[in-house]
Amino acid sequence: MKKILLPIVILIAALAFFSIFIVKEVNQAIVLQFGDPKKIILKPGLNFKIPFIQNVVFLDSRILNLDTPPIEVIASDQKRLIVDAFARFQIVDPLKFYISVGNERVARSRLATIINSRLRNVLGQQELQTLLSKDRSKQMSLIQEGVNVEAKNFGIKIVDVRIKRADLPEANSEAIFRRMQTEREKEAKEFRARGAEMAVTITSTADKDVSVLLANANKNSEIMKGQGDGERNAIFADAFGRDPEFFAFYRAMQAYETALIGGDTSVILSPDSEFFKFFGNIKPKK
């Protein structure tokens, strides 16, 4: 009896093993019978299938990322731009997805082609300046809408499309760099020229101010000197006017000091000269 029950138990266990499958939280499943879809399972849990007749295809229910290969886009102003975009998508209709593309690898290839085509179509109608500005978000919305229309045929919903990188081709970048370098050098020369001109103007103004200040200072100095000399002469005139003889004596002493002290000059005068009137009792001739 035990020999008969053992094979039966093993058979039942094998049938149970091949008939039970689990759908995880991150998956959705399609039950196929000889390749023909029989049941769609969207909720996680324990499920059953007919062993050896039916098989299960699991599909991801999460939001998936897609990196598209970089493409060259020609803007409406004939400027070239290398665009590298990425998208986020989700399988919302497993049956349509399975029938139209079969698996995720094919779906990614088809979506990349659609996205790149839409990028060329939308961005090609805009100028380069628009593509590099904040208005680019509006263009990305248009791209997402267009891709979504075609992605619905695959049971896919496009959650987002974004440009990861937008660069000029290497040749264009070098040309733009050289042009920018030339423009910066030109601006630098203009700034230097303006600086030199301002320096000359400032120097000239400073020199003029210095000349005016010196002239005014010299003028004031001469005025003050003249006023001082005038006051000195007035004081001398007042003092010497009180005693003319002393004034004559004082002037004679100054003349003696100047003529007779120091130097190699020789002076020959008559003893009765007016110059020696204060020496001895010699009286000058009248």
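Residues numbered from 1 in each chain as written. Predicted model: local features only at pLDDT ≥ 70, side-chain atom pairs only at ≥ 80, totals over all residues. Heavy atoms only, no water.

Asker: Which parts of the structure should I look at to understand the overall build of the protein?
Answerer: Counting its secondary structure elements, the protein contains seven helices and nine strands. Buried positions account for 23% of the 286 residues belonging to the protein. Sequence-distant contacts, at least 24 apart, represent 62% of the contacts inside the protein between residues at least 6 apart. Split by element, the accessible area of the protein, about 20,500 Å² in all, is 58% carbon and sulfur. (Helix = DSSP H or I, 4+ residues; strand = E, 2+ residues; numbered from the N terminus. Buried < 20%, exposed > 50% of the residue type's maximum accessible area, 1.4 Å probe, protein only. Contact = heavy atoms within 4.5 Å. Areas by Shrake-Rupley, 256 points an atom, 1.4 Å probe, with all protein chains shown as cover.)

Asker: Looking at this structure, I do not really get helix α3 (residues 104-123). What am I missing?
Answerer: Counting along an α-helix, one turn takes 3.6 residues, and residues three or four places apart therefore face a common direction. Over its 20 residues, α3 runs 27 Å from end to end, which matches the ideal 28 Å to within 8%, given 1.5 Å per residue. Listed as buried for α3 are A107, L111, A112, I114, I115, N116, L119, V122 and L123. The opening residue of α3, the one whose side-chain oxygen lies 3.1 Å from the backbone nitrogen of R105, is N103. (Expected span 1.5 Å × (residues − 1). Polar contact = N/O pair within 3.5 Å; in protein donor to acceptor, adjacent residues only side chain to side chain.)

Asker: Sorry, what's going on with the packing of α3 against helix α5 (residues 136-151) here?
Answerer: Angle between the axes and distance between the axes are the two parameters that describe a pair of packed helices. Contact geometry of α3 with α5 gives a least axis separation of 9 Å together with a crossing angle of 140°. In terms of their interaxial angle, α3 and α5 are classed as oblique. At the point where α3 passes α5, the crossing takes the right-handed sense. In contact with L111, I114, I115, R118, L119, V122 and L123 of α3, α5 contributes Q139, M140, L142, I143, G146, V147, E150 and A151. In terms of residue class, the contact of α3 with α5 is built from 11 nonpolar, two polar and two charged. (Axes fitted to C-alpha atoms, helices over the stretch in contact; angles between N-to-C directions. Parallel < 35°, antiparallel > 145°, perpendicular 65-115°, else oblique. Left-handed = near helix turned anticlockwise from the far one by under 90°. Nonpolar A, V, L, I, M, F, W, Y, C, P; charged D, E, K, R; others polar.)

Asker: Can you help me understand a nonpolar patch on the surface in this one?
Answerer: On the surface, a nonpolar cluster with roughly 760 Å² of combined accessible area is contributed by L15, F17, F18, F34, I50, F52 and I53. Counting through the fold element by element, F52 comes out in the loop between β4 (45-48) and β5 (54-60). You can call F52 exposed: its relative accessible area is 63%. (Patch = residues over 30% accessible without salt bridge, like charges linked within 9 Å, V, L, I, M, F, W, Y side chains within 5 Å. Salt bridge = Lys/Arg side-chain N within 4 Å of Asp/Glu carboxyl O.)

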